[in-house]
Amino acid sequence: MCLQTRKLRVNGGDVETDAEGYLLHLDDWSEDFAHAQARVEGLQLTAEHWEVIQFLRSYYQEHAVQAQVRVMIRHFAQAWGAERGNNHYLHEIFPRGGPQKQGNRLAGLLRTKGEH
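Overview of the structure. (Residues numbered from 1 in each chain as written. Predicted model: local features only at pLDDT ≥ 70, side-chain atom pairs only at ≥ 80, totals over all residues. Heavy atoms only, no water.)

## Some thoughts on the pattern of salt bridges
Basically, it comes down to this: We define a salt bridge as a side-chain nitrogen of Lys or Arg found within 4 Å of a carboxyl oxygen belonging to Asp or Glu. A helix here means a DSSP run of H or I that spans at least four residues, while a strand means a run of E at least two residues long, and both kinds are numbered starting from the N terminus. Summary of the burial criterion: residues with accessible area below 20% of their type's maximum are buried, those above 50% are exposed, and those between are partly exposed, where the area comes from a 1.4 Å probe applied to protein chains only.
Under the counting rule described, the total for this entry stands at four salt bridges. Where Arg-9 meets Asp-14, a salt bridge forms, and the shortest distance between an N and an O atom there is 3.0 Å. The salt bridge partner of Arg-84 is Glu-48, with a shortest N-O separation of 2.1 Å. Remark: Glu-48 occurs in helix H2 (residues 47-63) and Arg-84 occurs in the loop between helix H3 (69-80) and helix H4 (87-93); sequence separation between them is 36 residues. Judged by its relative accessible area of 30%, Arg-84 is partly exposed.

## A few points about the side chain of Gln-102
What counts here: Any two residues whose heavy atoms approach within 4.5 Å are treated as being in contact.
Along the chain, Gln-102 falls in helix H5 (residues 98-106). Those residues in contact with Gln-102, other than ones at most four positions away along the chain, are Glu-41, Leu-43, Phe-94, Pro-95, Arg-96 and Gly-97.

In structure tokens, the structure reads:
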């Protein structure tokens, strides 16, 4: 099977992603990559987006797996309160696949298991 790739222009250089924007090489992640990929996806990153992105990256570094949505909800319900720290709000701020897809993409993490 041939994996379709594309190049995303970041700071004058090309970063390889798959056709959906997931990094091919995790070490290529940078905040500038997240901004460039967010622009492609029509998303303006806010402080809340960055909190989620940093949480996802930290969780992955600590556990070597992506955070499940229920883990994110538990964390952000404590951090932001029940009104914003819920599944609906997380999907509202990450409208293209929610925090587990769009969030992981912007955080430079791999496609989660079960995605096609």
